[in-house]
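Summary of structural features
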Amino acid sequence: MTEKVRDNIKKILLGQLEYRSSNLALNMLITKLKRKIQSDPGSMDQCMKEIAEFSEKSPIIAKVDFANIAAL
Amino acid sequence: MLISLEETVKLIKSGSILHIAGDNSLLEKLPKGNWIGGTTPYFITDEGGVMTKDKLFVTELDFAEEMRTASYGKYNVFQIVEECFENGLTLLIMPYGSKVVEKYAKESPEVEELLMHPTVGWIAGAELGTDDEIRVYDGVSGESYNDRAVVMYLRLPDNKTALVNMINIFQDDKTDPVITFSDNELSVTKCRVNGQEVNFAEYIKRKKIDTRMPLVADYNGSYINTSIKTAGEDTIDLYAPVFKGVEYRFARPVDDYVTEFAERIGSLRADAPVVSFNCILNYLYGGLEGRKIDTYCGPVSFGEVAYQLINQTLVYFEIS
């Protein structure tokens, strides 16, 4: 995950950027993590770990989505 | 494919890995083998929606390199995230009305790692208005259950991946009031409408809301439905829970379900769904009997699992 992707994902989770995936699991994960951060603003690092884990376990999905997120 | 009991037995005996749906009177006659199954007499076939107790809907899962099955109760159903294959698909069938469904419905959205593993499935049921038995089957062990989930773990080749997706013909109207709930609930008395606490049943009655339309929540562009089971004087019972902190609106009415499905399917980039699970409420409210939904064939379900339990949706998976 590049710095640009990391930064943009943080912005997505904070609601500062909008990104909608065509992948159901990623959309569910983003929604879940956004809610987590809303209720606990200090959980960003934990949320980023979950995103990293998702990308490791779903590399094909992550490749497409991360390219799109980098271009935001 | 919708086939006879004899043809199904032949496939089982050939050693094929199978997913089977049908009436309990047929499922209970099947021999042990590499299969899991669940009860429903409703199907979406190439010829259209059909209700039959004389045939079984059988799907060959020949993409899998390895398979194993298991069953779980409400206390251990989330072991599925630990016991699945690293690159695989988890196929889950649960009996309608069981405690394991309730547990799964309420807690799955918060289960660590569930979204990391493609997980798809359906809720087994029976002919509406009858006392026909609702059961799920583990063909490997030869056991069947009305209170446990059966799971088939499928290992995929390294160059393949499973994609779980859904087609939802319902959408909200962003100008409608936002409805929120204070807890994860299957039975609701109070809710907040645009922040103001009201009795949910009274609100529905006062606004003359068509309760055949589901509540819709926008999950980052993926619309997740929650359907109303019964609207009482004071309480609303749901087929899947609403969740605390999620914003809901009622779906806009749908004129013609088949037309809506056709439009959504046309805009998808799905290659070839292996099997799909379409909700009994779509079958009923949309009059799907005898009407075709191209390529998205499979059992009609009493709840769909796309990672979490959802309603009034067509869920499918593909291997690419």
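What counts and what doesn't
- Residues numbered from 1 in each chain as written.
- Chains lettered and ligands numbered in written order.
- Predicted model: local features only at pLDDT ≥ 70, side-chain atom pairs only at ≥ 80, totals over all residues.
- Helix = DSSP H or I, 4+ residues; strand = E, 2+ residues; numbered from the N terminus.
- Buried ≥ 20, exposed ≤ 12 C-beta atoms within 10 Å, placed from the backbone.
- Contact = placed C-beta atoms within 7 Å.
- Rg over C-alpha atoms; globule rule 2.2 N^0.38 Å.
- Pairing = 2+ DSSP bridges.
- Axes fitted to C-alpha atoms, helices over the stretch in contact; angles between N-to-C directions.
- Nonpolar A, V, L, I, M, F, W, Y, C, P; charged D, E, K, R; others polar.
- Domains from an automatic or database assignment.
- Parallel < 35°, antiparallel > 145°, perpendicular 65-115°, else oblique.

A tally of regular secondary structure across chain A gives 4 helices and 0 strands. When the helices and strands of chain A are placed in sequence order, the string is α-α-α-α. For chain A, the spread of C-alpha atoms along the three principal axes comes to 30 × 20 × 20 Å. In chain A, which comprises 72 residues, the proportion classed as buried is 31%. Taking the contacts inside chain A whose residues are at least 6 apart along the sequence as the reference set, 59% of them involve residues at least 24 apart.

The number of helices and strands found in chain B is 7 helices and 27 strands. Over its C-alpha atoms chain B spans a radius of gyration of 19 Å, differing by no more than 12% from the 20 Å that the globule rule assigns to 320 residues. The long-range share in chain B, meaning contacts at least 24 apart out of those at least 6 apart in sequence, stands at 75%.

Take the sheet that holds strand β11 (residues 143-145) of chain B next. All names here are of chain B. Strand order in the open sheet made by the 6 strands is β1-β6-β2-β3-β10-β11, with mixed pairing throughout. At either end of the open sheet lies a strand with only one pairing partner, and these are β1 (2-3) and β11. In the sheet, strand β10 (residues 136-138) pairs with β11 via 3 bridges, with the strands oriented antiparallel. Considered in β11, the bridge of D138 is made with E143. Each of β1, β2 (18-22), β3 (35-39) and β6 (56-60) touches helix α1 (residues 5-13); the most contacted strand, β6, lies at about 25° to it.

Attention now goes to the environment of K205 of chain B. For K205 of chain B, the position within the fold is in helix α5 (residues 200-206). The sequence separation of K205 of chain B and A126 of chain B amounts to 79 residues, and the corresponding C-alpha distance is 30 Å.

Before going further, it helps to examine the pairing of strand β27 (residues 314-319) of chain B. Residue and element names in this part refer to chain B. With 5 of 6 residues buried, β27 is to be regarded as a mostly interior element. Two elements, strand β13 (residues 162-167) and β27, share 6 bridges in a ladder whose sense is antiparallel. Each residue of the ladder has a partner; that of L163, found in β27, is E318.

Our focus in this paragraph is the interface of chain A and chain B. With 15 residues of chain A in contact, the opposing surface of chain B contributes 14 residues. Of all the elements in the fold, those that place two or more residues in the side of chain A that touches chain B are α2 (24-39) and α3 (44-57) of chain A. Ranked by the residues each element gives to the side of chain A that touches chain B, the list is headed by α2 of chain A, at 9 residues. Of the residues contributing to the side of chain A that touches chain B, the split by class is 7 nonpolar, 3 polar and 5 charged.

This part takes up the sheet that holds strand β9 (residues 119-124) of chain B. All names here are of chain B. What the 6 strands build is an open sheet, ordered β7-β12-β8-β9-β25-β26; its pairing is mixed. Edge positions in the sheet fall to β7 (66-72) and β26 (308-310), since each has one partner strand and no second. When the angles between neighbouring strand axes are averaged without regard to direction, this sheet yields 20°. As defined by bridge partners, β9 adjoins strand β25 (residues 304-306) across 3 bridges and the pair is classed as antiparallel. When the bridges of β25 are listed, G121 appears paired with V305. On top of the sheet, helix α4 (residues 99-107) reaches β7, β8 (88-95), β9, β12 (149-155) and β26; it is set at about 130° to β8, its chief contact.

Next up on the list: the domain arrangement of chain B. All names here are of chain B. Domain boundaries assigned for chain B yield domain 1 (2-166 + 259-319) and domain 2 (179-250). Once you take the C-alpha centre of each, domain 1 and domain 2 turn out to be 27 Å apart. Counting from both sides, the interface comprises 12 residues of domain 1 and, opposite them, 12 residues of domain 2. A per-element tally of the side of domain 1 that touches domain 2 places α4 first, with 3 residues. Partitioning the side of domain 1 that touches domain 2 into residue classes produces 6 nonpolar, 4 polar and 2 charged.

A few words now on unusual backbone geometry. All names here are of chain B. In the Ramachandran plot, Y307 falls in the positive-phi region, its phi being about 70° despite a non-glycine side chain. You can see Y307 is positioned in the loop between β25 and β26. Look at Q312: it is not a glycine, yet its phi comes out positive at around 50°. Mapped onto the elements of the fold, Q312 is located in the loop between β26 and β27.

In this section: the packing of α2 of chain A against α3 of chain A. Residue and element names in this part refer to chain A. Taken N-terminus to C-terminus, the directions of α2 and α3 make an angle of 170°; their axes are 10 Å apart at the nearest point. As judged from the angle between their axes, α2 and α3 are roughly antiparallel. Residues L26, L29, L33, K36 and I37 of α2 form the contact with α3, whose participating residues are M44, C47, E50 and F54. Here the contact of α2 with α3 is composed, by residue class, of 7 nonpolar, no polar and 2 charged.

In this section: the packing of helix α1 (residues 3-13) of chain A against helix α4 (residues 59-70) of chain A. Residue and element names in this part refer to chain A. The N-to-C vectors of α1 and α4 enclose an angle of 80°; their axes lie 9 Å apart at closest approach. With respect to α4, the element α1 is oriented roughly perpendicular. Each of K4, V5, N8 and I9 in α1 lies in contact with α4, whose residues at this interface are F66, I69 and A70. Class assignment of the residues belonging to the contact of α1 with α4 gives a composition of 5 nonpolar, 1 polar and 1 charged.

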